[in-house]
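Examination of the molecular architecture
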Amino acid sequence: MGTIASLHSGLLARTMLAFHRGFPGVTLRSTRGEDDLLGQVEREELDLAVVIRPPGELPENVSWHPLLSKPFVLIAPAGLGARDWRDAITKLPLLRYDRSTVSGRQIDLFLERTGTVIAENVWINFLDTMISLVGEGMGVALIPHYELADTSTQIAIFGLGDETFHRQIGVLTRRIGSSREAEAFVALLHEEAKKEPVAHHR
């Protein structure tokens, strides 16, 4: 299976544990990546991939199974003293995904739609790194809602109100030739996705 990095420690880890208990004799191989996971499923190099929904039409032999819709929020250092996301985003550099990624393009559209002008961008494609740097006061970031755990006291979370946009997460599988084990893994992913936390923010 292939997956994006931000899902590896939560949803995927829980699903792998549940799958291992039900299929102890099946070997699991998980690879992280952002590029060409769709192509790898289509070429039968992967049984499945847990990804952000790719833009455009899917190949005929690939199916999309929706799992989660995560709202984007703005995170900022806790002591910034901002009133809302519009205030916070003007006070520090924006740490953000590269424009070559699905999330990066979503953020570009959001900034254009809301007429938000950013004075300084810092390009980072790793969610954990963005969260850590925001906690240290380096900037603010637009990220899909995420449990902040150890950094929760260092970071303020601002909802985007009527301007909220979402990260659509799901599973890519082959329409024909998918194994019984792959189908079982997808079913477990759906069960674990129901346990994902609900967003709470300002």
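Just so it is clear, the model here is predicted, and its values are computed rather than measured. (Residues numbered from 1 in each chain as written. Predicted model: local features only at pLDDT ≥ 70, side-chain atom pairs only at ≥ 80, totals over all residues. Heavy atoms only, no water.)

This next bit is on the overall build of the protein. Along the protein, the regular secondary structure elements total six helices and nine strands. For a compact globule of 202 residues, the expected C-alpha radius of gyration is about 17 Å, and the protein comes in at 18 Å, within 12% of that figure. Taking the principal axes of the C-alpha coordinates as reference, the protein spans close to 55 × 35 × 25 Å. Here the analysis covers contacts within the protein between residues at least 6 apart in sequence; of these, 78% occur between residues at least 24 apart. Carbon and sulfur atoms make up 50% of the accessible area of the protein, which totals about 10500 Å². (Helix = DSSP H or I, 4+ residues; strand = E, 2+ residues; numbered from the N terminus. Rg over C-alpha atoms; globule rule 2.2 N^0.38 Å. Contact = heavy atoms within 4.5 Å. Areas by Shrake-Rupley, 256 points an atom, 1.4 Å probe, with all protein chains shown as cover.)

Chain-level pLDDT for the protein is 88 on average; 91% of the residues reach the 70-or-more range. When mean pLDDT is compared element by element in the protein, helix H3 (residues 85-88) scores highest at 96, while strand S2 (residues 31-32) scores lowest at 80. (pLDDT = per-residue confidence, 0-100.)

The full count for this structure, using the stated rule, is five aromatic pairs. Between the aromatic rings of Phe19 and Phe23, the centroid separation amounts to 4.7 Å while the plane-to-plane angle is 15 degrees, which identifies the pairing as stacked. Residue Phe19 shares its accessibility class with Phe23, and that shared class is buried. Between Trp85 and Phe110, the ring centres sit 5.1 Å apart and the planes meet at 50 degrees, which makes this aromatic pair tilted. With Trp85 in helix H3 and Phe110 in helix H4 (residues 102-114), the pair connects residues that are 25 residues apart, well separated along the chain. Trp85 sits in the buried class, given a relative accessible area of 6%. Looking at Phe110, the relative accessible area reads 0%, which means it is buried. Put simply, the rings of Phe72, Trp85, Phe110 and Phe165 pair up and form one aromatic cluster. (Phe/Tyr/Trp six-rings, centres within 6.5 Å; stacked < 30°, edge-to-face > 60°. Buried < 20%, exposed > 50% of the residue type's maximum accessible area, 1.4 Å probe, protein only.)

Below, the discussion takes up the pairing of strand S7 (residues 140-144). Burial runs high along S7: five of the five residues are buried. Across the two faces of S7 the burial is the same, with Val140, Leu142 and Pro144 and Ala141 and Ile143 all buried. Relative to S7, strand S4 (residues 62-77) is paired through four bridges, and the arrangement is antiparallel. Looking at S7, one finds that Val73 is bridged to Ile143. Taken together, the two bridges between strand S5 (residues 94-96) and S7 define a ladder with parallel strand orientation. By the bridge assignment for S7, Leu94 is matched with Val140. (Pairing = 2+ DSSP bridges.)

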